[in-house]
Amino acid sequence: MRISGTGAIVTGAASGMGRATATHLARAGARVALLDINAAGVREVAAAIGGTPVPCDLGDSAATAAAMEQAIAAVGPARIVISCAGIGRLEPVVGPAAVPFEQLAQTIRVNLTGTLHVLQLAASALLGQPALEDGERGVMIMVASGAAFDGPIAGAAYTASKGGIASMTLSLARELGDAGIRVNTISPGAFDTAMVRGLPAEMLATVPSITPFPKRMGVPEEFAALARHICENRFLNGAVIRLDGAQRMPYFSAVP
Ligand SMILES: NC(=O)c1ccc[n+]([C@@H]2O[C@H](COP(=O)([O-])OP(=O)(O)OC[C@H]3O[C@@H](n4cnc5c(N)ncnc54)[C@H](O)[C@@H]3O)[C@@H](O)[C@H]2O)c1
């Protein structure tokens, strides 16, 4: 998919990897709609890159449908959709620090159900658009996590949401293949964003020792660069790609 002149939607675009990706796409000439629950943040990023801000809660299906309609109207056919919005927090299931069930459900609703809903709305809208070179209509990128494979303590809801994204990738790529829509997932390791800065210091201190090379967190621009490559490489489809310096999460007993 050529980026220049193409309509793109990036969710979670007020911060971190979504922000970096929206910025990267806009600089490469895409018309970008930025979705995020952080209304002030998304307006600020959109103003900085010349995109369209669409504040919305992707955990609310009616709000998501309205936001996607607004986004598609703003950028024209949205042939690139990158779903970065997510909630990442430690949520013990039992014990004194246990969170209410509704909070666990919200993590799954925003991260997994919200991602699927955005993809459904975007792909449905693309079916009515003409195919481009090679029969391609669009490219969708979802975001999993290393936690999908090495689940941390107090990460059950987050892990379930990210595991769900990884496992639905091939299913969606197969379903949308005849329409010329590719579906891929990036599975990041620890990246230096607001989400990770909220985790316990003991957890973050282990990053160098659990990351073979380079011994650091990823930076959002490295994520944006891979997202761009996925957009441009038409043979890349149905893949879950780890972007993590070969990092694997260890067993932690020190978290709540
Ligand atoms: N940072 C990491 O180490 C890491 C690792 C693996 C996976 N991820 C995933 O990468 C994605 C991007 O995370 P990030 O690290 O850039 O975090 P971030 O916190 O910087 O950005 C996440 C964005 O999602 C938005 N968001 C949260 N709930 C929302 C909702 N209900 N509706 C709309 N927007 C909502 C937030 O406002 C925020 O702007 C997330 O899906 C996250 O789970 C992050």
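As a starting point, this report considers the structure included with it.

The rules behind each value
- Residues numbered from 1 in each chain as written.
- Predicted model: local features only at pLDDT ≥ 70, side-chain atom pairs only at ≥ 80, totals over all residues.
- Heavy atoms only, no water.
- Helix = DSSP H or I, 4+ residues; strand = E, 2+ residues; numbered from the N terminus.
- Rg over C-alpha atoms; globule rule 2.2 N^0.38 Å.
- Buried < 20%, exposed > 50% of the residue type's maximum accessible area, 1.4 Å probe, protein only.
- Contact = heavy atoms within 4.5 Å.
- Axes fitted to C-alpha atoms, helices over the stretch in contact; angles between N-to-C directions.
- Parallel < 35°, antiparallel > 145°, perpendicular 65-115°, else oblique.
- Left-handed = near helix turned anticlockwise from the far one by under 90°.
- Nonpolar A, V, L, I, M, F, W, Y, C, P; charged D, E, K, R; others polar.
- 1 Å grid on protein atoms, 1.4 Å probe; cavity = no way out; pocket = protein on both sides within 12 Å on 5 of 7 lines; lining within 4 Å.
- Points joined across faces, edges and corners; volume = space filled by probe spheres on them.

### Digging into the overall build of the chain
The number of helices and strands found in the chain is nine helices and seven strands. Expected size for 256 residues packed as a compact globule is a radius of gyration near 18 Å; at 18 Å, the chain falls within 12% of this value. C-alpha atoms of the chain, sized along the principal axes, occupy 55 × 40 × 35 Å. Burial statistics for the chain: of 256 residues in total, 51% are counted as buried. Long-range contacts, defined here as pairs at least 24 residues apart, represent 72% of the contacts in the chain between residues at least 6 apart.

### Quick look at the side chain of Thr 6
Within the secondary structure layout, Thr 6 lies in the segment before strand S1 (7-11). Residue contacts for Thr 6: discarding those within four places in its chain leaves Met 1, Gly 29, Ala 30, Arg 31, Arg 79 and Ile 80.

### So, the packing of helix H4 (residues 101-127) against helix H5 (residues 156-177)
Between H4 and H5, the shortest axis-to-axis distance is 8 Å and the interhelical angle comes to 15 degrees. Relative to H5, the element H4 lies roughly parallel. The way H4 lies across H5 gives a crossing that is right-handed. Side by side, H4 and H5 meet where Leu 104, Thr 107, Ile 108, Asn 111, Leu 112, Thr 115, Leu 116, Leu 119 and Ala 123 of the first sit next to Ala 157, Tyr 158, Ala 160, Ser 161, Lys 162, Gly 164, Ile 165, Met 168, Leu 172 and Leu 176 of the second. Taken together, the residues that form the contact of H4 with H5 break down as 13 nonpolar, five polar and one charged.

### Topic: empty space enclosed by the protein
Under the defined criterion, the tally for this structure stands at one cavity of 30 Å³ or more. As for the largest cavity, its lining consists of Thr 11, Leu 58, Ser 83, Ala 85, Val 110, Gly 114, Thr 115 and Val 118. Broken down by element, the residue count for the lining of the largest cavity peaks at four residues, all from H4. Among the residues making up the lining of the largest cavity, the classes are represented as four nonpolar, four polar and no charged.

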